[in-house]
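# Tertiary structure, described
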Amino acid sequence: MSFLFGNRPQLSSAEKIAAAETEVELISDMFNRLSHSCSKKCIPPEYREGDLNKGESVCLDRCVSKFFEVNLKVSEKMQGEAAQRGGTSGGGMGGFGM
């Protein structure tokens, strides 16, 4: 009953592996959505140069920044709502290590 005093119950190895796999899947999905969204928005379909030009680079930088800012705000909002309902907010994806 250690969880009654603020300590989390110990997870088994299988549970730790499952949680790690889920986190990898969620982060991979977030990266794929970020890549697709920002590439579609900032990089034209026809390539003129091998490298990004200044405008494309600045656009990508801003897009990624906004994506993470919104992601963080949504995570905080969801954790706040879960806490108000009496649930736990330890989902692991809170700020993506930020």
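About the cut-offs
- Residues numbered from 1 in each chain as written.
- Predicted model: local features only at pLDDT ≥ 70, side-chain atom pairs only at ≥ 80, totals over all residues.
- Heavy atoms only, no water.
- UniProt positions renumbered as here; feature names shortened; annotations may be inferred.
- Salt bridge = Lys/Arg side-chain N within 4 Å of Asp/Glu carboxyl O.
- Buried < 20%, exposed > 50% of the residue type's maximum accessible area, 1.4 Å probe, protein only.
- Core = buried A, V, L, I, M, F, W, Y, C linked by side-chain atoms within 4.5 Å.
- Helix = DSSP H or I, 4+ residues; strand = E, 2+ residues; numbered from the N terminus.
- Contact = heavy atoms within 4.5 Å.

The name that an unreviewed UniProt entry assigns to the protein is Mitochondrial import inner membrane translocase subunit, with the source organism given as Cladonia borealis. Under the Sequence similarities (unreviewed entry) heading, UniProt states for the protein: "Belongs to the small Tim family." Under the UniProt heading Subcellular location (unreviewed entry), the note attached to the protein is "Mitochondrion inner membrane".

Moving on: the pattern of salt bridges. Scanning all chains against the criterion turns up four salt bridges. With a shortest N-O distance of 3.4 Å, Glu46 and Arg48 are connected by a salt bridge. Classification of Arg48 by relative accessible area gives exposed; the value is 68%.

A separate point is the nonpolar core. Met30, Leu34, Cys38, Cys42, Leu60, Cys63 and Phe67 together form the largest nonpolar core, which totals seven residues. For this core, the secondary structure elements donating two or more residues are α1 (13-42) and α2 (54-84). Top contributing element to this core by residue count: α1, with four residues. For Phe67, the residues in contact, after removing those within four places along its chain, are Met30, Arg33 and Leu34.

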